[in-house]
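Notes for the structure review
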Amino acid sequence: MEHDLPELDSHDWFLALDAGHQALLRAGSELRQFEAGAYVTRRGEPSQHWIGVHAGLIKLAVYNADGRGATFSGVPAGGWCGEGSVLKRELRRYDVVAVRASSLLLVPAELFHRLLAESLSFNAYVIRQLNERMGQFIATIQNQRLLDVDAQVAQAIAQLFHPMLYPRTSSVLALSQEEIGMLTGISRQRVNLALGRLAELGLISIAWQAIRVVDLDGLRHYGVASL
DNA sequence: ACATTAAATTCGA
DNA sequence: TCGAATTTAATGT
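Residues numbered from 1 in each chain as written. Chains lettered and ligands numbered in written order. Predicted model: local features only at pLDDT ≥ 70, side-chain atom pairs only at ≥ 80, totals over all residues. Heavy atoms only, no water.

Another aspect to go through is the packing of helix 2 (residues 19-28) against helix 4 (residues 109-118). Remark: helix 2 packs on helix 4, axes separated minimally by 11 Å, with the N-to-C direction vectors making an angle of 175 degrees. The orientation of helix 2 with respect to helix 4, classified from their angle, is roughly antiparallel. Residue-level inspection shows His-21, Leu-24, Leu-25 and Gly-28 of helix 2 in contact with helix 4, the latter providing Leu-111, Arg-114, Leu-115 and Glu-118. A per-class count over the contact of helix 2 with helix 4 returns 4 nonpolar, 2 polar and 2 charged. (Axes fitted to C-alpha atoms, helices over the stretch in contact; angles between N-to-C directions. Helix = DSSP H or I, 4+ residues; strand = E, 2+ residues; numbered from the N terminus. Parallel < 35°, antiparallel > 145°, perpendicular 65-115°, else oblique. Contact = heavy atoms within 4.5 Å. Nonpolar A, V, L, I, M, F, W, Y, C, P; charged D, E, K, R; others polar.)

In structure tokens:
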């Protein structure tokens, strides 16, 4: 294909590949724009792509018939998701939705499998990715069982700054308070209260449709001292 | 739940 | 094409 896709160059795993595999990805991948609220893939569809976030924010979620939903995870710029369903060649088990306007890198499933079969460094990256995500889900369950609500909000925000899964999250998150509520399973009003407290502690500052993280380490440790 | 305020959209010159 | 007016969505309490 005629693609060049310089967007791939900002990903460490891509830079670690040999030239031949890099060329395959440049030729076979696709950069596509999604409007805020648009579905990237729907639950039940075949898993045709491994999905990378070049800019914007997407979330993994399920919805029931009357529109209520549960969000599992948010993926900011620099993050990748969907490898689980691609690996197993199964139907997607959740919806992938653009939280705001996003530009995404789509790697076809066949290419993903070929890289797995041929590239040792790609294998290492995927294993690390799966391991980190597993750790993240365990941490999420632990947070929900053990932490108070303010600390859950702090953790949910801090998780978007995971250095390996999401290496290029900027310190200003464009994320509505309602979306944080979706991510945490907490009401919007309660999120607002928690954000106010975190701001008072100097861990974050609040702007319109955005949160600036001032003290990431403080956020990570907020409320977990008792564990 | 309600009041406030930012953003988006419509409408009129 | 600009900007005021209205509608819609996010926020604060």
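What follows continues from the structure just given.
Turning next to the nonpolar core. Counting 22 residues, the largest nonpolar core has Val-153, Ile-157, Leu-175, Leu-195, Ile-204 and Leu-219 as its most contacted members. Every element with two or more residues in this core is listed here: helix 6 (149-159), helix 7 (177-184), helix 8 (188-200) and strand 9 (210-213). What Leu-175 contacts, discounting residues up to four positions off in sequence, is Leu-57, Val-99, Leu-160, Ile-180, Leu-183, Gln-209, Ala-210 and Ile-211. With 20 residues, the next largest nonpolar core counts Phe-14, Val-86, Leu-105 and Phe-112 among its residues. (Core = buried A, V, L, I, M, F, W, Y, C linked by side-chain atoms within 4.5 Å. Buried < 20%, exposed > 50% of the residue type's maximum accessible area, 1.4 Å probe, protein only.)

We now examine helix 2. Listed in full, the buried residues belonging to helix 2 are His-21, Gln-22, Leu-25 and Arg-26. Viewed along the axis of helix 2, the buried residues span an arc of 140 degrees, placing them on a single side of the element. Structurally, helix 2 contributes buried residues whose contacts are with helix 1 (12-15), strand 6 (95-108) and helix 4. The backbone nitrogen of Gly-20 has a side-chain oxygen 3.1 Å away, supplied by the residue at the start of helix 2, namely Asp-18. (Arc of directions from axis to C-beta. Polar contact = N/O pair within 3.5 Å; in protein donor to acceptor, adjacent residues only side chain to side chain.)

What follows covers helix 6. The buried fraction of helix 6 amounts to 10 of the 11 residues, a majority that puts the element mostly inside the structure. Every buried residue of helix 6 is listed here: Asp-150, Ala-151, Gln-152, Val-153, Ala-154, Gln-155, Ala-156, Ile-157, Ala-158 and Gln-159. Tucked inside the fold, the buried residues of helix 6 contact helix 5 (120-146), strand 7 (172-173), helix 7, helix 8, strand 9 and helix 9 (216-221). At the N-terminal end of helix 6, a side-chain oxygen is found 3.0 Å from the backbone nitrogen of Asp-150, two or three residues along, and the residue is Asp-148.

The next subject is the domain arrangement of chain A. Split by domain assignment, chain A resolves into domain 1 (6-131) and domain 2 (148-221). Taking the mean C-alpha position of each, domain 1 and domain 2 sit 24 Å from one another. In this assembly, 22 residues from domain 1 lie in contact with 12 residues from domain 2. Summed over both sides, the interface between domain 1 and domain 2 buries roughly 1400 Å², with carbon and sulfur atoms accounting for 58% of that surface. Its largest share of buried area at the contact with domain 2, domain 1 owes to Thr-71, Pro-76 and Gln-129, together 27% of the area lost on that side. Along the contact surface separating domain 1 from domain 2 lie 1 salt bridge. The closest approach of N and O atoms between Lys-59 and Glu-179, which form a salt bridge, is 3.5 Å. Across the domain 1-domain 2 interface, the total number found is 4 residue pairs in polar contact (both at pLDDT 80 or more). Listing elements by their share of the side of domain 1 that touches domain 2, those giving two or more residues are strand 3 (49-63), strand 4 (69-76), strand 6 and helix 5. Each residue belonging to the side of domain 1 that touches domain 2 can be placed in one class, and the counts come to 9 nonpolar, 10 polar and 3 charged. (Domains from an automatic or database assignment. Buried area = accessible area lost by both parts, 1.4 Å probe. Salt bridge = Lys/Arg side-chain N within 4 Å of Asp/Glu carboxyl O.)

This part covers the protein's contact with DNA strand C. In the vicinity of DNA strand C, the contacting residues are Ser-176, Gln-177, Glu-178, Arg-188, Gln-189, Asn-192, Trp-208 and Gln-209. Counting only the atoms of DNA strand C within 4 Å of the protein, the fraction contributed by sugar and phosphate is 60%. Here Gln-177 contributes a side-chain N or O atom positioned 2.7 Å from a phosphate oxygen of DNA strand C. Asn-192 is positioned with one of its side-chain polar atoms (N or O) 2.3 Å from a phosphate oxygen of DNA strand C. At the level of elements, helix 7 and helix 8 are the ones that each hand at least two residues to the surface near DNA strand C. Classifying every residue of the surface near DNA strand C by side-chain character gives 1 nonpolar, 5 polar and 2 charged. (Near = heavy atom within 4 Å.)

Another aspect to go through is unusual backbone geometry. One non-glycine residue, Leu-5, lies in the positive phi region at around 50 degrees. Tracing the chain through its elements places Leu-5 in the segment before helix 1. Its identity as a non-glycine residue notwithstanding, Gln-209 has a phi of 55 degrees, on the positive side. Among the secondary structure elements, Gln-209 is positioned in the loop between strand 8 (204-207) and strand 9.

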